[in-house]
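Observations on the model geometry
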Amino acid sequence: CCPIWPEDNSPCGEASGRGSCQDVVVSNSPVGTQFPFSGIDDRENWPIIFYNRTCQCQGNFMGYNCGECRFGYTGPNCTIRRTVIRKEIFRMSTAEKDKFIAYLNLAKRTISPDYVISTGTYEQMNNGSNPMFADINVYDLFVWLHYYASRDAFLEDGSVWANIDFAHEAPGFLPWHRFFLLLWEREIQKVTGDENFTIPFWDWRDAQECEVCTDEF
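It should be emphasised that the depicted structure is a prediction, and the values quoted were computed from it without experimental measurement.

1. What to know about the overall build of the protein chain
When helices and strands are tallied, the protein chain shows three helices and 12 strands. With respect to the principal axes defined by its C-alpha atoms, the protein chain has extents near 50 × 50 × 30 Å. Burial statistics for the protein chain: of 217 residues in total, 32% are counted as buried. Across the protein chain, contacts joining residues at least 24 apart in sequence account for 58% of those joining residues at least 6 apart. As displayed, the protein chain offers around 14000 Å² of accessible surface, 52% of which is attributable to carbon and sulfur atoms. The averaged location of the 30 negative side-chain charges in the protein chain is 9 Å from the averaged location of its 18 positive side-chain charges.

Structural data, given as structure tokens:
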């Protein structure tokens, strides 16, 4: 699964030196005693149940077809460093808050041009012969990504295994969510055409209650 980069019509932009198509290599480390199963969840050895080749990007290029710049870079060859500033949400002006909400609403109304989501398990897809995928808007794509990474495991007898959430109760918690937020920020930038868009943050260190749990926020 190595998509074409439209600018040079080659997989992964290989003709332009952006990347190349490579076999997916997955870890053979055990998943841990919290998950005493094997071969029952599509997320085991992700993503080779759905595809076994992907783009390996070079230099500062990234993306599913190596068509974008790594986070923190811009320019035609992704060589120019760029810095964006994230603001504390309570230091945003009314206009900045309104723009943030407008951007989220736009993302909710915009179908992702690049991604679809699976609506069934690989088994339900009959080993891939009955594809079950659907379009999704840019906002809900990230709702789904978060759900998919953290959902319960479906067992063979129809029950679920809810004893472990690998997205939140494992070492991948911080790096996974960091990449998740960077990618979400990037997709909002693309939808709005605003390269300077950043996600605001809430500094909750001295908070006595959930100060952002209001209608305004």
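2. Quick word on the domain arrangement of the protein chain
Interface size is commonly expressed as the accessible surface area that is lost when the partners come together. According to the domain assignment, the protein chain consists of domain 1 (1-83) and domain 2 (86-216). Summarising the inter-unit geometry, the C-alpha centres of domain 1 and domain 2 are found 19 Å apart. Opposite the 20 residues of domain 1 that make contact, domain 2 presents 25 residues. Carbon and sulfur atoms make up 57% of the surface buried where domain 1 meets domain 2, a total of about 1900 Å² over both sides. There are three salt bridges connecting domain 1 and domain 2. The closest approach of N and O atoms between K190 and E68, which form a salt bridge, is 2.7 Å. Linking domain 1 with domain 2 are 11 residue pairs in polar contact (both at pLDDT 80 or more). Here the residues of the side of domain 1 that touches domain 2 sort into 12 nonpolar, two polar and six charged.

3. Notes on the environment of R151
Within the secondary structure layout, R151 lies in the loop between helix 2 (138-150) and strand 11 (153-154). Separated by 16 residues in the primary sequence, R151 and A167 place their C-alpha atoms 8.7 Å from one another. The contacts of R151, once residues within four sequence positions are left out, are D41 and R43.

4. Describing the packing of helix 1 (residues 94-109) against helix 3 (residues 173-192)
Interaxial distance between helix 1 and helix 3 falls to 10 Å at its minimum, and their mutual angle equals 85°. Classed by the angle they form, the pair helix 1 and helix 3 counts as roughly perpendicular. Contact residues: helix 1 offers F100, Y103, L104, L106 and A107, while helix 3 offers W184, I188, V191 and T192. Residues that form the contact of helix 1 with helix 3 fall into these classes: eight nonpolar, one polar and no charged.

5. Looking at the state of the cysteines
Two cysteines, two sulfur atoms, one covalent bond between them: this is a disulfide. By the definition in use, this model includes five disulfides. Note on cysteine connectivity: C69 is disulfide-linked to C78, with sulfurs 2.1 Å apart. Between C69 and C78 the disulfide shows an S-S torsion of about -80°. By sign, it is left-handed. With respect to class, C69 is no different from C78; both count as buried. Sulfur-sulfur distance for the disulfide between C210 and C213 comes to 1.8 Å. Classification of the bridge connecting C210 and C213 rests on its S-S torsion, roughly 65°, and on that basis the disulfide is right-handed.

6. A few points about the UniProt feature "domain: Tyrosinase copper-binding" (unreviewed entry) in the protein chain
The UniProt record marks residues 168-185 with the feature "domain: Tyrosinase copper-binding" (unreviewed entry), using the residue numbering of this structure. Here residues 168-185 is 72% helix and 0% strand, with 20 Å between the C-alpha atoms at its ends.

7. A short note on the pattern of salt bridges
Inspection of every chain in the model, using the stated rule, returns 13 salt bridges. Measuring nitrogen to oxygen at the nearest pair gives 3.7 Å for the salt bridge that ties R151 to D41. Placement of R151 in the loop between helix 2 and strand 11 and of D41 in the loop between strand 3 (19-23) and strand 4 (53-57) is noted, with a sequence separation of 110 residues between them. Comparing R151 with D41 shows no difference in burial state: the two are buried. What emerges from the salt-bridge pattern is a single network uniting E68, D114, R186, E187 and K190.

Criteria and cut-off values
Residues numbered from 1 in each chain as written. Predicted model: local features only at pLDDT ≥ 70, side-chain atom pairs only at ≥ 80, totals over all residues. Heavy atoms only, no water. Helix = DSSP H or I, 4+ residues; strand = E, 2+ residues; numbered from the N terminus. Buried < 20%, exposed > 50% of the residue type's maximum accessible area, 1.4 Å probe, protein only. Contact = heavy atoms within 4.5 Å. Areas by Shrake-Rupley, 256 points an atom, 1.4 Å probe, with all protein chains shown as cover. Lys, Arg positive; Asp, Glu negative; His and termini not counted. Charge placed at Lys NZ, Arg CZ, Asp CG, Glu CD. Domains from an automatic or database assignment. Buried area = accessible area lost by both parts, 1.4 Å probe. Salt bridge = Lys/Arg side-chain N within 4 Å of Asp/Glu carboxyl O. Polar contact = N/O pair within 3.5 Å; in protein donor to acceptor, adjacent residues only side chain to side chain. Nonpolar A, V, L, I, M, F, W, Y, C, P; charged D, E, K, R; others polar. Axes fitted to C-alpha atoms, helices over the stretch in contact; angles between N-to-C directions. Parallel < 35°, antiparallel > 145°, perpendicular 65-115°, else oblique. Disulfide = S-S within 2.5 Å. UniProt positions renumbered as here; feature names shortened; annotations may be inferred.

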